[in-house]
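Topology and contacts: notes
So the chains spell out like this:
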Amino acid sequence: MIGYVTLGTNNLAQAAEFYDALLAGIGGKRFMEFDSFVAWRADPEKPGLAVTLPFDGKAATAGNGTMVALAVDSQEKVRALHAQALALGGTDEGAPGPRGEGFYAGYFRDLDGNKLNFFCLA
């Protein structure tokens, strides 16, 4: 159902650099780029992720309660990508670990305060 998710940013170049480095770990590559928008995907048949300067010209803000969940195939990848997000300047929103039965996730915020996680069904 989901085609792609867009996150607002106030610094497109910085956000693009963050996601270039972070999403490379799961095969994410840029597939669309404009002056105000950059998008990545790992597979043309699956949803993508994009960052954009807000169309209305106002400052981008992180939505309270909004989160993007990025699926990976192992707990090791969850831990590695969560650590990489923090090394790239993101902030911790919940260390990698089990969250209920069969679900493993690590939560972080990007440079603009958008909340994301990497997860796997374990």
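Residues numbered from 1 in each chain as written. Predicted model: local features only at pLDDT ≥ 70, side-chain atom pairs only at ≥ 80, totals over all residues. Heavy atoms only, no water.

1. Concerning the environment of Ala69
As for its placement among the helices and strands, Ala69 is situated in strand E5 (residues 67-71). As for Ala69 and Leu88, which are separated by 19 residues in sequence, their C-alpha atoms are 18 Å apart. With residues up to four places along the chain from it excluded, the contact list for Ala69 reads Asn117 and Phe119. (Helix = DSSP H or I, 4+ residues; strand = E, 2+ residues; numbered from the N terminus. Contact = heavy atoms within 4.5 Å.)

2. Describing the sheet that holds strand E6 (residues 91-98)
Strands belonging to one sheet form pairs held by backbone hydrogen bonds; the direction of such a pair is parallel or antiparallel. Ordered by their spatial adjacency, four strands build an open sheet running E5-E8-E7-E6, and the pairing between neighbours is mixed. The sheet is open, and its two edges are formed by E5 and E6, each paired on a single side. Strand after strand, the sheet turns through a mean of 20 degrees between neighbouring axes, direction not considered. Pairing geometry for E5 and strand E8 (residues 115-121), over five bridges, is parallel. The partner of Val68 across the bridge, within E8, is Leu116. (Pairing = 2+ DSSP bridges. Axes fitted to C-alpha atoms, helices over the stretch in contact; angles between N-to-C directions.)

3. Remarks on the sheet that holds strand E3 (residues 37-41)
In space, the four strands of this open sheet follow the order E1-E4-E3-E2, with mixed pairing throughout. Pairing within the sheet leaves two strands with one partner each, and these edge strands are strand E1 (4-8) and strand E2 (29-34). The mean angle between the axes of side-by-side strands here comes to 20 degrees, regardless of whether they run parallel or antiparallel. Bridging between E3 and strand E4 (residues 48-52) involves four bridges; their strand directions are antiparallel. Paired with Trp40 across the bridge in E4 is Leu49. The sheet strands contacting helix H1 (residues 12-23) are E1, E2, E3 and E4, and the helix crosses E3 at an angle near 5 degrees.

4. So, the pattern of salt bridges
Evaluation of the coordinates by the stated rule reveals six salt bridges. Where Glu93 meets Lys115, a salt bridge forms, and the shortest distance between an N and an O atom there is 3.9 Å. A residue pair is termed long-range when its members are at least 10 positions apart, and Glu93 in strand E6 and Lys115 in strand E8 qualify at 22 residues. Here Glu93 falls in the partly exposed class, since its relative accessible area comes to 33%. (Salt bridge = Lys/Arg side-chain N within 4 Å of Asp/Glu carboxyl O. Buried < 20%, exposed > 50% of the residue type's maximum accessible area, 1.4 Å probe, protein only.)

In short, geometric facts, not functional conclusions.
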